Amino acid sequence: MRAGVLCVLLCTGCVPVVEEPDRGALDVVINEIQADNVTTLADEAGGFDDWIELHNTGPMEADLTGHSLTDDLGAPRKWAFPDDTTIPAGGYLLVWADGEDDGPLHASFKLSSGGEEVGLFGPLDGGGVRIDAGEFGPQDPDLSIARMPDGALDWETDASPTPGAANE
Ligand SMILES: [Ca+2]
Ligand SMILES: [Ca+2]
Ligand SMILES: [Ca+2]
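Residues numbered from 1 in each chain as written. Chains lettered and ligands numbered in written order. Predicted model: local features only at pLDDT ≥ 70, side-chain atom pairs only at ≥ 80, totals over all residues.

Participant: I keep staring at the overall build of the protein and nothing clicks. Help me out?
Facilitator: Each helix and strand counted, the protein has 1 helix and 12 strands in total. Starting at the N terminus and ending at the C terminus, the protein contains elements arranged as α-β-β-β-β-β-β-β-β-β-β-β-β. Counting all 168 residues of the protein, 35% fall into the buried class. When contacts within the protein are restricted to residue pairs at least 6 apart in sequence, those whose partners lie at least 24 apart make up 58%. (Helix = DSSP H or I, 4+ residues; strand = E, 2+ residues; numbered from the N terminus. Buried ≥ 20, exposed ≤ 12 C-beta atoms within 10 Å, placed from the backbone. Contact = placed C-beta atoms within 7 Å.)

Participant: Quick question: what am I supposed to make of the sheet that holds strand β7 (residues 92-97) here?
Facilitator: In a beta sheet, neighbouring strands pair by backbone hydrogen bonds and run either parallel or antiparallel. Spatially, β8-β7-β2-β1-β11-β12 is the arrangement adopted by the 6 strands of the open sheet, whose pairing is mixed. Both edges of this open sheet fall to β8 (106-107) and β12 (155-158), since each of them pairs with a single strand only. Here strand β11 (residues 144-147) pairs with β12 via 4 bridges, running antiparallel. Each bridged residue has a counterpart across the sheet, and for Ser144 the counterpart in β12 is Asp158. (Pairing = 2+ DSSP bridges.)

Participant: Teacher, can you tell me more about the sheet that holds strand β4 (residues 68-70) here?
Facilitator: Spatial ordering of the open sheet is given by β5-β4-β9-β10, a layout of 4 strands whose pairing is antiparallel. Edge positions in the sheet fall to β5 (79-80) and β10 (130-136), since each of these pairs with one other strand and no more. Pairing analysis gives 2 bridges linking β4 to β5, with the strands arranged antiparallel. Considered in β5, the bridge of Ser68 is made with Ala80.

Participant: How should I be thinking about the pairing of β7 in this particular structure?
Facilitator: Each regular strand carries side chains that alternate between the two faces of the sheet. Alignment of strand β2 (residues 50-56) against β7, held across 6 bridges, turns out to be antiparallel. Residue pairing for β7: Leu54 is matched across the bridge by Leu93. Taken together, the 2 bridges between β7 and β8 define a ladder with parallel strand orientation. By the bridge assignment for β8, Trp96 is matched with His106.

Participant: I would appreciate a short explanation of the nonpolar core in the present structure.
Facilitator: A general feature of soluble globular proteins is that nonpolar side chains tend to end up buried together. One finds Val28, Ile33, Ile52, Leu54 and Val95 to be the most contacted residues of the largest nonpolar core, which totals 29 residues. At the level of secondary structure, the elements contributing two or more residues to this core comprise β1 (28-34), β2, β7, β9 (116-121), β10 and β11. What Leu54 contacts, discounting residues up to four positions off in sequence, is Val28, Val29, Ile30, Asn31, Ile87, Tyr92, Leu93, Val95 and Leu120. (Core = buried A, V, L, I, M, F, W, Y, C linked by C-beta atoms within 7 Å.)

Participant: Help me understand the environment of Asp132 in this model?
Facilitator: Note that Asp132 resides in strand β10. Overall, the presence of 23 C-beta atoms within 10 Å leaves Asp132 in the buried class. Taking the C-alpha atoms as reference points, Asp132 and Leu54, separated by 78 residues in sequence, lie 10.0 Å from one another.

Participant: Looking at this model, I keep getting lost on the confidence of the model for the protein. Mind explaining?
Facilitator: Low pLDDT means the predicted coordinates in that region are not meant to be read closely. When pLDDT is averaged along the protein, the result is 90, and 86% of the positions lie at 70 or above. In this model, residues 3-8 is a region of pLDDT below 50 whose contacts with residues beyond four sequence positions or in other chains number 21 contacts. (pLDDT = per-residue confidence, 0-100.)

Below is the structure:
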């Protein structure tokens, strides 16, 4: 279990507020975000689009059915994962943020290189709890922000993005 989403959002350099997620919430974090992809990685359609990497830090497969991603924490249900989307224990999942129909894992929103917030929320029938969130400021081309190491509370600018693989 990781904690401190509030700290990521509200504090800089302050003592983390320890806030345990609800029992039953997945051990999945928003692990890396790229908002200005120029040459890093192309999607199925050949587009160099924004992407969000999720990481399952837990010992069990995570089922994202009914879960949603958003770039507006006030609108948690912007894009729902396709049914039966899973992440293996310790695994990664890349979701393209391009607003395009290039495949199943393409969110309905893009990310602004000027800065954004990204949230992962649980299914409505489980209360729609926020599982994780991240926020970033202006991002230069082909950089990302990444939890360093994987799943850590702290974000770092990463000059060598690792979409779908461990942050290093
Ligand atoms: Ca973008
Ligand atoms: Ca695309
Ligand atoms: Ca990564």
